[in-house]
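Each chain is listed here by its residues.
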Amino acid sequence: MNYKKATAVAIEVGMQNSGLAISLATSNFAANPLATLPGAIFSVWHNISGSVFASIRRRGAKNANEYIEVKEREFN
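J.: It is not clear to me how the overall build of the chain should be interpreted in this structure. Could you clarify?
T.: Helix and strand content of the chain: two helices and zero strands. Residues counted as buried form 12% of the 76 residues belonging to the chain. Working note: accessible area of the chain is about 6,100 Å², and carbon and sulfur atoms make up 64% of it.

Encoded structure:
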């Protein structure tokens, strides 16, 4: 899997997991509304950490592209 696809999959899986946590807590612990709180906190954290992760990966992609360009120039 290439760099861009791996980044997209990593972010998407994390987003689905936070939604799943809230959904499962709502359906299985309806008597206790606070059961959804960990999933909600995780959702907020995921948005913050996902943005940071995407920024790091974007910088890494730029660095990886620069590295590839340098290596191609060395071979030519």
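J.: Quick question: what am I supposed to make of a nonpolar patch on the surface here?
T.: Residues Phe 42, Val 44, Trp 45, Ile 48, Val 52 and Ile 56 make up a contiguous nonpolar surface patch of roughly 580 Å² in combined accessible area. Within the secondary structure, Ile 48 sits in helix α2 (residues 37–75). Taking relative accessible area as the criterion, Ile 48 reaches 48% and is therefore assigned partly exposed.

J.: How should helix α1 (residues 3–28) be read in this particular structure?
T.: Turn by turn, an α-helix covers 3.6 residues, leaving residues three or four places apart pointing in a common direction. Here α1 contains 26 residues, and its C-alpha end-to-end distance of 38 Å stays within 8% of the 38 Å for a straight helix at 1.5 Å per residue. Looking at α1, one finds that the buried residues are Thr 7, Gly 14, Ser 18 and Ala 25.

J.: What is the right way to look at the environment of His 46 in this model?
T.: Residue position: His 46 is located in helix α2. His 46 sits 35 residues away from Ile 11 along the chain, and the two C-alpha atoms are 8.8 Å apart.

J.: Where do I start with the environment of Ala 8 in this structure?
T.: With respect to the helices and strands, Ala 8 occurs in helix α1. Spatially, the C-alpha atom of Ala 8 lies 8.8 Å from that of Ala 54, the residues being 46 residues apart in sequence.

Criteria and cut-off values
- Residues numbered from 1 in each chain as written.
- Predicted model: local features only at pLDDT ≥ 70, side-chain atom pairs only at ≥ 80, totals over all residues.
- Heavy atoms only, no water.
- Helix = DSSP H or I, 4+ residues; strand = E, 2+ residues; numbered from the N terminus.
- Buried < 20%, exposed > 50% of the residue type's maximum accessible area, 1.4 Å probe, protein only.
- Areas by Shrake-Rupley, 256 points an atom, 1.4 Å probe, with all protein chains shown as cover.
- Patch = residues over 30% accessible without salt bridge, like charges linked within 9 Å, V, L, I, M, F, W, Y side chains within 5 Å.
- Salt bridge = Lys/Arg side-chain N within 4 Å of Asp/Glu carboxyl O.
- Expected span 1.5 Å × (residues − 1).

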